[in-house]
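# Structure assessment
Listed here are the chains, written in short residue letters.
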Amino acid sequence: MFKLIQRALVVFATLSMIPLASASEMKSIAVESHAAPMQPIMIQGPMPIEAEYFASLLTDVRVEQAGNAKFYLGNLNGYPIVVAQTSKGLENTAAATAVGIERYRPRAIISQGTSGGHDTSLQVGDIVLGKRSVNSNNFKTPKLAAGEGSDPMNWIPMDIMASEESAGEGDAAVDAEKIRYYMGSSELLASAHAVKSTYTRGKVVEGTIGSGNFWNNEIDRMTWLHTNLGTSVEEMETSSAAMVSDAYGIPFLGVRVLSNNLTNNGKYDPSTAADCQKFVKEIVLHYISTL
């Protein structure tokens, strides 16, 4: 055993005398740190007619389902895009927006689709860029006794995001009696204006998108909403997506094409849905170019 230990010591001493090669003489490989992955842009459309055309523009597409929402994940000119078919209505859209944000971490969201006009100056095929959006069925009714009926023209706007104490009476309740507008992203609006000349079916204007779970065919009600809330169009999704996007701090823009306008007898035209998606593609490409 002693002799084995002696031999080991001799070998170790011999090896320790062999000069090591310098780092420049050794073979090596340098592994670069990865760049942060590109955050996708999310494009929302409630119904197949309002989402499938944009999804068809993507390459390397895979589809994921979550509740009532369907997500198409792919690339547009090499940039990651998520097309979210949210289903109709405020609740479906809010849920789809939250799920999409948590899953895919988008850097920006555009909610787009068809709408009905509230402004007599707008024609079928015109596009409204949502400088702001508003939930147009958040109201508190005045007190009326039995037999006194209902008077929607005197309903009071209600801010559901007001303080928790606002459910009661007095000053706290009055604090909730206001209209809450969600403003569109200035960067996304700038990209929309930069490419609006590419849209030839109608004019492109800024306006207020009103969202609510109702199908409004009363001209006087449309006029009331246009006059008091400033609505340019009505639909069922944008303001809820804007609310959730704001909660997560994500840039947001609503883009709505008029598929009909009862205020000036504009007849329903479903082909406007694809035209809107074509225009949103131009917005997205310009926005990507600014990143």
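## Things to note about the overall build of the chain
- When you go through the chain residue by residue, the secondary structure sums to eight helices and 12 strands.
- Within the chain, the proportion of its 291 residues that are buried is 44%.
- Here the contacts in the chain between residues at least 6 apart in sequence split such that 75% fall between residues at least 24 apart.

## Quick look at the nonpolar core
- Among the nonpolar cores identified, the biggest contains 31 residues, and I43, F54, I81, V83, V255, F279 and V284 are the most heavily contacted of them.
- If we ignore the near neighbours within four places in the chain, the residues touching I43 are F54, I81, V82, V83, A84, I110, Q112, V280 and V284.
- Of all hydrophobic cores here, the second largest spans 18 residues; its members include M42, A69, I101 and I109.

## Observations concerning the packing of aromatic side chains
- Using the criterion set out here, one finds four aromatic pairs in the structure.
- Aromatic ring contacts, followed pair by pair, group F139, W155 and W224 into a single cluster.
- Lying across the ring of F139, R221 places its NZ or CZ 5.2 Å from the centre.
- We note R221 situated over the ring of W224; from NZ or CZ to the ring centre the distance is 4.6 Å.

## Notes on the packing of helix α5 (residues 186–194) against helix α8 (residues 272–289)
- At a minimum axis separation of 8 Å, α5 and α8 run at an interaxial angle of 115 degrees. When the axes of α5 and α8 are compared, the crossing they make is right-handed. Note on element contacts: α8 touches α5 through F279, I283, H286 and Y287, opposite E187, L188, S191, A192 and A194.
- Its residues assigned to classes, the contact of α5 with α8 shows six nonpolar, two polar and one charged.

## A look at unusual backbone geometry
- Of note, D60 is a non-glycine position whose phi angle comes to about 55 degrees, a positive value.
- With respect to the helices and strands, D60 occurs in strand β2 (residues 59–66).
- Overall, the relative accessible area of 66% leaves D60 in the exposed class.
- Positive phi values are uncommon outside glycine, yet N265 reaches one of about 65 degrees.
- Turning to its location among the elements, N265 is positioned in the loop between β12 (252–260) and α8.

## Some thoughts on the pairing of strand β4 (residues 79–85)
- Counting buried residues along β4, seven of its seven residues qualify, which places the element largely inside the surrounding structure.
- On β4, burial covers both faces: Y79, I81, V83 and Q85 on one face and P80, V82 and A84 on the other are all buried.
- Taken together, the five bridges between strand β1 (residues 41–45) and β4 define a ladder with parallel strand orientation. Note that in β4 the partner of G45 across the bridge is Q85.
- Pairing analysis gives seven bridges linking strand β3 (residues 69–76) to β4, with the strands arranged antiparallel. Of the residues in β4, the one forming a bridge with F71 is A84.
- Hairpin connection of β3 to β4: two residues between the antiparallel strands, including N77 at a positive phi of 55 degrees.

## Description of a nonpolar patch on the surface
- On the surface, M47, I49 and Y268 cluster together into a nonpolar patch covering about 300 Å² of accessible area.
- Looking at where I49 falls in the secondary structure, it is placed in helix α2 (residues 48–56).

## Here's the deal with the pattern of salt bridges
- Counted according to the given criterion, the structure contains 12 salt bridges.
- Of the charged contacts, one joins D126 and K203 as a salt bridge, the two residues approaching to 2.8 Å between their closest N and O atoms. Here D126, found in the loop between β5 (108–117) and β6 (127–135), pairs with K203, found in the loop between α5 and β10 (204–211); they are 77 residues apart in sequence, far enough to count as distant.
- For D126, a relative accessible area of 4% corresponds to the buried category.
- K203 gets classed as partly exposed once you look at its relative accessible area, which sits at 36%.
- Between D159 and R180 there is a salt bridge, with its nearest N and O atoms 2.7 Å apart. Taken together, the positions of D159 in the loop between β8 (156–157) and α4 (171–175) and R180 in the loop between α4 and β9 (181–183) put the pair 21 residues apart, joining distant regions of the chain.
- By relative accessible area, D159 is classed as buried at 4%.
- Salt bridges here are not isolated pairs; linked through shared partners, they connect R201, D269, D275 and K278.

The rules we used
- Residues numbered from 1 in each chain as written.
- Predicted model: local features only at pLDDT ≥ 70, side-chain atom pairs only at ≥ 80, totals over all residues.
- Heavy atoms only, no water.
- Helix = DSSP H or I, 4+ residues; strand = E, 2+ residues; numbered from the N terminus.
- Buried < 20%, exposed > 50% of the residue type's maximum accessible area, 1.4 Å probe, protein only.
- Contact = heavy atoms within 4.5 Å.
- Core = buried A, V, L, I, M, F, W, Y, C linked by side-chain atoms within 4.5 Å.
- Phe/Tyr/Trp six-rings, centres within 6.5 Å; stacked < 30°, edge-to-face > 60°.
- Lys NZ or Arg CZ within 6 Å of the ring centre and 35° of its normal.
- Axes fitted to C-alpha atoms, helices over the stretch in contact; angles between N-to-C directions.
- Left-handed = near helix turned anticlockwise from the far one by under 90°.
- Nonpolar A, V, L, I, M, F, W, Y, C, P; charged D, E, K, R; others polar.
- Pairing = 2+ DSSP bridges.
- Patch = residues over 30% accessible without salt bridge, like charges linked within 9 Å, V, L, I, M, F, W, Y side chains within 5 Å.
- Areas by Shrake-Rupley, 256 points an atom, 1.4 Å probe, with all protein chains shown as cover.
- Salt bridge = Lys/Arg side-chain N within 4 Å of Asp/Glu carboxyl O.

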